[in-house]
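Residues per chain are reported as follows:
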Amino acid sequence: MNQYLNLFIALLVAAITYGTPLLFGTLGEVLTEKSGSLNLGVEGIMFMGGAVGLGGVFYYEKAAGAGASGPLAVGIGILCAFLAGALASLIFSFLTITLRANQNVTGLALSIFGTGIGQFIGEYMRVAEGGYIAISSRLAGFFQNSPFPDFLRNIPVVGSVLFGGSVFFYLGVLAAIALSWYLNRTRSGLHLRSVGESPATADAAGIGVTRYKYLAAVIGGGVSAIGGMVYIMTIAGCVWNHEGLSGEGWLAVALVIFCMWRPLAAVWGSVLFGALMILYLRLALPFVPTQLYKILPYVVTVIVLIVSSMRNNREKQPPASLGLSYFREDR
(Lines give C-alpha, C1' and ligand atoms only; values in the text may rest on other atoms or scores of the structure.)
Protein backbone atom coordinates (compact mmCIF):
# COMPACT_ATOMS: atom_id res chain seq x y z
CA MET A 1 0.00 0.00 0.00
CA ASN A 2 2.81 2.39 0.90
CA GLN A 3 4.49 1.61 -2.39
CA TYR A 4 1.46 2.75 -4.40
CA LEU A 5 1.00 5.80 -2.19
CA ASN A 6 4.63 6.81 -2.70
CA LEU A 7 4.24 6.29 -6.44
CA PHE A 8 1.14 8.49 -6.50
CA ILE A 9 2.83 11.24 -4.45
CA ALA A 10 5.91 11.15 -6.69
CA LEU A 11 3.67 11.43 -9.76
CA LEU A 12 1.77 14.35 -8.24
CA VAL A 13 4.94 16.23 -7.32
CA ALA A 14 6.33 15.74 -10.82
CA ALA A 15 2.96 16.77 -12.31
CA ILE A 16 3.13 20.07 -10.41
CA THR A 17 6.63 20.70 -11.75
CA TYR A 18 5.70 19.93 -15.35
CA GLY A 19 2.35 21.71 -15.10
CA THR A 20 3.69 25.03 -13.81
CA PRO A 21 4.93 26.30 -17.22
CA LEU A 22 1.55 25.33 -18.69
CA LEU A 23 -0.22 27.28 -15.93
CA PHE A 24 1.44 30.55 -16.95
CA GLY A 25 0.94 29.87 -20.65
CA THR A 26 -2.74 29.12 -20.06
CA LEU A 27 -3.45 32.12 -17.83
CA GLY A 28 -1.93 34.46 -20.39
CA GLU A 29 -3.99 32.98 -23.20
CA VAL A 30 -7.19 33.05 -21.09
CA LEU A 31 -6.71 36.78 -20.56
CA THR A 32 -6.08 37.30 -24.27
CA GLU A 33 -9.08 35.27 -25.41
CA LYS A 34 -11.41 36.91 -22.91
CA SER A 35 -10.98 40.09 -24.96
CA GLY A 36 -11.97 38.26 -28.15
CA SER A 37 -8.44 37.87 -29.56
CA LEU A 38 -7.33 34.36 -30.48
CA ASN A 39 -3.55 34.22 -30.27
CA LEU A 40 -2.29 30.88 -31.55
CA GLY A 41 1.31 32.07 -31.27
CA VAL A 42 1.74 30.92 -27.65
CA GLU A 43 4.32 28.35 -28.75
CA GLY A 44 6.56 31.04 -30.24
CA ILE A 45 5.93 33.40 -27.33
CA MET A 46 7.05 30.76 -24.82
CA PHE A 47 10.18 30.07 -26.87
CA MET A 48 11.06 33.76 -26.79
CA GLY A 49 10.34 33.97 -23.08
CA GLY A 50 12.55 30.97 -22.36
CA ALA A 51 15.52 32.26 -24.34
CA VAL A 52 15.34 35.89 -23.23
CA GLY A 53 14.57 34.99 -19.61
CA LEU A 54 17.55 32.64 -19.37
CA GLY A 55 19.74 35.18 -21.16
CA GLY A 56 18.79 37.94 -18.72
CA VAL A 57 19.67 35.81 -15.70
CA PHE A 58 22.86 34.47 -17.31
CA TYR A 59 24.28 37.90 -18.13
CA TYR A 60 23.19 39.27 -14.75
CA GLU A 61 25.17 36.55 -12.99
CA LYS A 62 28.10 37.09 -15.34
CA ALA A 63 28.16 40.80 -14.43
CA ALA A 64 27.53 40.37 -10.69
CA GLY A 65 29.76 37.34 -10.17
CA ALA A 66 29.62 35.44 -6.89
CA GLY A 67 27.58 38.23 -5.32
CA ALA A 68 24.58 37.67 -7.59
CA SER A 69 21.32 37.78 -5.63
CA GLY A 70 18.96 34.82 -6.07
CA PRO A 71 15.68 36.70 -5.56
CA LEU A 72 16.88 39.47 -7.86
CA ALA A 73 17.82 36.88 -10.50
CA VAL A 74 14.30 35.41 -10.30
CA GLY A 75 12.84 38.89 -10.76
CA ILE A 76 15.12 39.59 -13.73
CA GLY A 77 14.13 36.32 -15.36
CA ILE A 78 10.43 37.09 -14.95
CA LEU A 79 10.83 40.65 -16.23
CA CYS A 80 12.91 39.71 -19.28
CA ALA A 81 10.53 36.92 -20.27
CA PHE A 82 7.49 39.15 -19.77
CA LEU A 83 8.94 41.92 -21.95
CA ALA A 84 9.79 39.45 -24.73
CA GLY A 85 6.26 38.05 -24.73
CA ALA A 86 4.70 41.49 -24.51
CA LEU A 87 6.70 42.68 -27.53
CA ALA A 88 5.69 39.64 -29.59
CA SER A 89 2.05 40.11 -28.60
CA LEU A 90 2.23 43.81 -29.45
CA ILE A 91 3.16 42.83 -33.01
CA PHE A 92 0.26 40.38 -33.06
CA SER A 93 -2.12 43.06 -31.73
CA PHE A 94 -1.02 45.63 -34.29
CA LEU A 95 -1.60 43.21 -37.14
CA THR A 96 -4.94 41.82 -35.94
CA ILE A 97 -6.53 44.81 -34.15
CA THR A 98 -5.21 47.82 -36.04
CA LEU A 99 -4.65 46.26 -39.46
CA ARG A 100 -7.46 43.68 -38.97
CA ALA A 101 -5.41 40.75 -40.25
CA ASN A 102 -6.79 37.25 -39.85
CA GLN A 103 -6.12 36.14 -36.26
CA ASN A 104 -5.63 32.47 -37.06
CA VAL A 105 -3.05 33.11 -39.77
CA THR A 106 -1.27 35.78 -37.73
CA GLY A 107 -1.11 33.56 -34.66
CA LEU A 108 0.35 30.66 -36.62
CA ALA A 109 2.89 33.01 -38.21
CA LEU A 110 3.80 34.32 -34.76
CA SER A 111 4.30 30.75 -33.54
CA ILE A 112 6.79 30.08 -36.33
CA PHE A 113 8.42 33.51 -36.00
CA GLY A 114 8.72 33.36 -32.20
CA THR A 115 10.12 29.84 -32.26
CA GLY A 116 12.75 30.93 -34.76
CA ILE A 117 13.64 34.07 -32.80
CA GLY A 118 13.89 32.13 -29.54
CA GLN A 119 16.13 29.49 -31.08
CA PHE A 120 18.25 32.15 -32.75
CA ILE A 121 18.76 34.03 -29.47
CA GLY A 122 19.60 30.84 -27.60
CA GLU A 123 22.07 29.61 -30.21
CA TYR A 124 23.60 33.08 -30.63
CA MET A 125 24.32 33.26 -26.90
CA ARG A 126 25.77 29.75 -26.96
CA VAL A 127 28.11 30.54 -29.84
CA ALA A 128 29.08 33.93 -28.39
CA GLU A 129 29.94 32.39 -25.02
CA GLY A 130 31.66 29.38 -26.55
CA GLY A 131 29.61 26.78 -24.71
CA TYR A 132 26.31 26.00 -23.07
CA ILE A 133 24.31 28.89 -21.62
CA ALA A 134 23.72 27.90 -18.01
CA ILE A 135 23.71 29.52 -14.58
CA SER A 136 25.44 28.32 -11.43
CA SER A 137 23.88 25.63 -9.25
CA ARG A 138 23.62 28.12 -6.38
CA LEU A 139 21.52 30.50 -8.40
CA ALA A 140 19.57 27.66 -10.01
CA GLY A 141 18.41 26.60 -6.56
CA PHE A 142 16.36 29.78 -6.23
CA PHE A 143 14.46 28.82 -9.38
CA GLN A 144 14.06 25.10 -8.75
CA ASN A 145 13.83 24.60 -4.98
CA SER A 146 10.84 25.14 -2.73
CA PRO A 147 10.64 28.50 -0.92
CA PHE A 148 9.26 26.79 2.21
CA PRO A 149 11.35 25.52 5.15
CA ASP A 150 12.24 21.86 5.58
CA PHE A 151 9.80 21.14 8.41
CA LEU A 152 6.85 21.94 6.13
CA ARG A 153 8.17 19.89 3.23
CA ASN A 154 8.85 16.95 5.53
CA ILE A 155 5.25 16.65 6.71
CA PRO A 156 4.18 13.05 5.96
CA VAL A 157 2.18 12.49 2.76
CA VAL A 158 1.10 16.09 2.08
CA GLY A 159 4.33 17.97 2.77
CA SER A 160 6.05 17.36 -0.55
CA VAL A 161 2.82 17.97 -2.48
CA LEU A 162 1.72 21.21 -0.80
CA PHE A 163 5.11 22.73 -0.04
CA GLY A 164 7.56 21.03 -2.42
CA GLY A 165 6.96 23.04 -5.59
CA SER A 166 9.11 25.82 -6.94
CA VAL A 167 8.29 29.44 -6.19
CA PHE A 168 6.72 29.74 -9.64
CA PHE A 169 3.92 27.31 -8.86
CA TYR A 170 2.75 29.44 -5.96
CA LEU A 171 3.13 32.61 -8.03
CA GLY A 172 1.03 30.92 -10.72
CA VAL A 173 -1.70 30.04 -8.22
CA LEU A 174 -1.74 33.63 -6.96
CA ALA A 175 -1.89 34.86 -10.55
CA ALA A 176 -4.87 32.56 -11.25
CA ILE A 177 -6.71 33.86 -8.18
CA ALA A 178 -5.95 37.46 -9.13
CA LEU A 179 -7.09 36.97 -12.73
CA SER A 180 -10.31 35.26 -11.63
CA TRP A 181 -11.02 38.09 -9.20
CA TYR A 182 -10.28 40.70 -11.86
CA LEU A 183 -12.54 39.12 -14.47
CA ASN A 184 -15.48 38.45 -12.15
CA ARG A 185 -15.30 41.09 -9.43
CA THR A 186 -14.11 44.32 -11.02
CA ARG A 187 -15.70 46.82 -13.38
CA SER A 188 -12.66 46.73 -15.64
CA GLY A 189 -12.92 42.94 -15.84
CA LEU A 190 -16.59 43.22 -16.75
CA HIS A 191 -15.68 45.66 -19.52
CA LEU A 192 -13.03 43.25 -20.81
CA ARG A 193 -15.48 40.35 -20.91
CA SER A 194 -18.08 42.52 -22.64
CA VAL A 195 -15.50 43.41 -25.30
CA GLY A 196 -14.91 39.68 -25.87
CA GLU A 197 -18.62 38.87 -26.02
CA SER A 198 -19.90 41.78 -28.10
CA PRO A 199 -17.43 44.51 -29.05
CA ALA A 200 -20.15 46.48 -30.87
CA THR A 201 -22.29 46.66 -27.74
CA ALA A 202 -19.26 47.54 -25.62
CA ASP A 203 -18.28 50.26 -28.08
CA ALA A 204 -21.80 51.68 -28.01
CA ALA A 205 -21.59 51.81 -24.21
CA GLY A 206 -18.44 53.93 -24.41
CA ILE A 207 -15.93 51.19 -23.59
CA GLY A 208 -12.56 51.48 -25.32
CA VAL A 209 -12.61 48.27 -27.34
CA THR A 210 -9.21 48.78 -28.96
CA ARG A 211 -7.54 49.69 -25.66
CA TYR A 212 -8.89 46.62 -23.86
CA LYS A 213 -7.93 44.29 -26.69
CA TYR A 214 -4.40 45.68 -26.85
CA LEU A 215 -3.83 45.53 -23.09
CA ALA A 216 -5.27 42.03 -22.74
CA ALA A 217 -3.19 40.65 -25.61
CA VAL A 218 0.07 42.34 -24.57
CA ILE A 219 -0.20 41.48 -20.86
CA GLY A 220 -1.49 37.99 -21.65
CA GLY A 221 1.43 37.38 -24.00
CA GLY A 222 3.87 38.53 -21.33
CA VAL A 223 2.37 36.11 -18.79
CA SER A 224 2.53 33.23 -21.30
CA ALA A 225 6.19 34.00 -21.99
CA ILE A 226 6.96 33.62 -18.29
CA GLY A 227 5.86 30.00 -18.71
CA GLY A 228 8.63 29.47 -21.24
CA MET A 229 11.18 30.90 -18.82
CA VAL A 230 9.84 28.67 -16.02
CA TYR A 231 10.27 25.58 -18.22
CA ILE A 232 13.89 26.41 -19.01
CA MET A 233 14.76 27.31 -15.42
CA THR A 234 13.05 24.36 -13.72
CA ILE A 235 12.49 21.38 -16.02
CA ALA A 236 15.39 22.02 -18.42
CA GLY A 237 17.83 22.62 -15.55
CA CYS A 238 18.65 26.28 -16.30
CA VAL A 239 20.40 25.27 -19.51
CA TRP A 240 19.25 26.39 -22.94
CA ASN A 241 17.71 23.53 -24.90
CA HIS A 242 16.24 24.59 -28.24
CA GLU A 243 14.09 21.44 -28.42
CA GLY A 244 12.89 21.31 -24.83
CA LEU A 245 9.98 23.71 -25.25
CA SER A 246 8.50 22.03 -28.31
CA GLY A 247 4.77 21.53 -27.86
CA GLU A 248 4.39 23.47 -24.59
CA GLY A 249 2.58 26.39 -26.23
CA TRP A 250 0.13 24.15 -28.05
CA LEU A 251 -0.62 22.31 -24.82
CA ALA A 252 -1.34 25.66 -23.18
CA VAL A 253 -3.82 26.53 -25.94
CA ALA A 254 -5.48 23.15 -25.49
CA LEU A 255 -5.60 23.68 -21.73
CA VAL A 256 -7.49 26.95 -22.22
CA ILE A 257 -10.28 24.94 -23.84
CA PHE A 258 -10.02 22.21 -21.23
CA CYS A 259 -10.46 24.65 -18.34
CA MET A 260 -13.36 26.39 -20.11
CA TRP A 261 -11.66 29.81 -20.04
CA ARG A 262 -11.73 29.83 -16.21
CA PRO A 263 -8.45 30.87 -14.52
CA LEU A 264 -8.99 28.86 -11.32
CA ALA A 265 -9.71 25.70 -13.29
CA ALA A 266 -6.36 26.19 -15.02
CA VAL A 267 -4.58 25.41 -11.73
CA TRP A 268 -5.78 21.82 -11.38
CA GLY A 269 -5.97 21.46 -15.17
CA SER A 270 -2.28 22.28 -15.54
CA VAL A 271 -1.40 19.71 -12.86
CA LEU A 272 -3.50 17.11 -14.68
CA PHE A 273 -1.84 17.92 -18.00
CA GLY A 274 1.55 17.78 -16.29
CA ALA A 275 0.71 14.28 -15.05
CA LEU A 276 -0.39 13.20 -18.52
CA MET A 277 2.85 14.58 -19.98
CA ILE A 278 5.08 12.44 -17.75
CA LEU A 279 2.85 9.40 -17.37
CA TYR A 280 5.00 7.44 -19.80
CA LEU A 281 7.96 7.87 -17.42
CA ARG A 282 6.12 6.98 -14.22
CA LEU A 283 3.62 4.35 -15.40
CA ALA A 284 5.13 2.85 -18.50
CA LEU A 285 3.39 -0.15 -20.04
CA PRO A 286 5.52 -2.18 -22.48
CA PHE A 287 2.65 -2.73 -24.92
CA VAL A 288 1.66 0.98 -25.10
CA PRO A 289 3.79 3.18 -27.41
CA THR A 290 5.22 6.36 -25.90
CA GLN A 291 3.52 8.42 -28.60
CA LEU A 292 0.09 7.38 -27.32
CA TYR A 293 0.96 8.67 -23.87
CA LYS A 294 2.06 12.01 -25.28
CA ILE A 295 -1.21 12.66 -27.12
CA LEU A 296 -3.35 12.05 -24.03
CA PRO A 297 -3.69 15.78 -23.15
CA TYR A 298 -5.07 16.52 -26.61
CA VAL A 299 -7.44 13.54 -26.52
CA VAL A 300 -8.79 14.66 -23.14
CA THR A 301 -9.23 18.20 -24.48
CA VAL A 302 -11.24 16.98 -27.47
CA ILE A 303 -13.48 14.88 -25.21
CA VAL A 304 -14.12 17.83 -22.89
CA LEU A 305 -14.86 20.10 -25.85
CA ILE A 306 -17.40 17.62 -27.25
CA VAL A 307 -19.11 17.15 -23.88
CA SER A 308 -19.29 20.89 -23.20
CA SER A 309 -20.74 21.53 -26.65
CA MET A 310 -23.43 18.91 -26.09
CA ARG A 311 -24.42 20.50 -22.78
CA ASN A 312 -24.76 23.91 -24.46
CA ASN A 313 -23.81 25.72 -21.25
CA ARG A 314 -23.11 29.35 -22.09
CA GLU A 315 -20.70 29.76 -19.19
CA LYS A 316 -18.51 26.99 -20.61
CA GLN A 317 -18.31 28.37 -24.14
CA PRO A 318 -15.64 30.68 -25.59
CA PRO A 319 -16.27 34.44 -25.89
CA ALA A 320 -18.77 35.06 -28.68
CA SER A 321 -16.43 37.27 -30.73
CA LEU A 322 -13.34 35.09 -30.29
CA GLY A 323 -11.21 35.16 -33.41
CA LEU A 324 -13.31 37.81 -35.16
CA SER A 325 -11.97 41.23 -36.12
CA TYR A 326 -14.09 44.17 -35.03
CA PHE A 327 -15.07 46.74 -37.66
CA ARG A 328 -16.58 49.78 -36.02
CA GLU A 329 -18.15 50.82 -39.31
CA ASP A 330 -20.32 47.70 -39.23
CA ARG A 331 -21.87 48.61 -35.90
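What you see is a predicted model, and the numbers here were worked out from it, not measured in a lab.

Chemist: Can you walk me through unusual backbone geometry in this structure?
Modeler: The phi torsion of most residues other than glycine is negative, and most of the peptide bonds are trans. One non-glycine residue, Cys 238, lies in positive phi territory at about 60 degrees. For Cys 238, the location among the structural elements is in the loop between helix H11 (209-235) and helix H12 (248-258). If you check the backbone angles, Trp 261 has positive phi at about 60 degrees while not being a glycine. Assignment of secondary structure puts Trp 261 in the loop between H12 and helix H13 (263-282).

Chemist: Is there a simple way to explain the environment of Ile 278 in this structure?
Modeler: Mapped onto the secondary structure, Ile 278 falls in helix H13. Residues Ile 278 and Leu 54, spaced 224 residues apart in sequence, show a C-alpha to C-alpha distance of 24 Å. The residues touching Ile 278, leaving out its near neighbours within four places in the chain, are Leu 11, Ala 14, Ala 15 and Tyr 18.

Chemist: Where do I start with the packing of aromatic side chains in this structure?
Modeler: Applying the stated rule across the entire model yields 8 aromatic pairs. Taken together, a centroid distance of 4.9 Å and an interplanar angle of 85 degrees make the contact between Phe 148 and Tyr 170 edge-to-face. Here the residue Phe 148 occupies a position in the loop between helix H5 (137-144) and helix H6 (150-153), and Tyr 170 occupies one in helix H8 (residues 167-185), the gap between them amounting to 22 residues. With a centroid separation of 5.4 Å and an interplanar angle of 75 degrees, the aromatic rings of Phe 169 and Tyr 170 are classed as edge-to-face. The two residues Phe 169 and Tyr 170 agree in class, both being buried.

Chemist: How do you make sense of the state of the cysteines when you look at a structure like this?
Modeler: A covalent bond bridging the sulfur atoms of two cysteines is what the word disulfide describes. In total, this model carries 0 disulfides according to the counting rule given. For Cys 238, which is in no disulfide, the shortest distance to another cysteine sulfur is to Cys 80 and amounts to 14 Å.

What counts, and where the lines are drawn
Residues numbered from 1 in each chain as written. Predicted model: local features only at pLDDT ≥ 70, side-chain atom pairs only at ≥ 80, totals over all residues. Heavy atoms only, no water. Helix = DSSP H or I, 4+ residues; strand = E, 2+ residues; numbered from the N terminus. Contact = heavy atoms within 4.5 Å. Phe/Tyr/Trp six-rings, centres within 6.5 Å; stacked < 30°, edge-to-face > 60°. Buried < 20%, exposed > 50% of the residue type's maximum accessible area, 1.4 Å probe, protein only. Disulfide = S-S within 2.5 Å.

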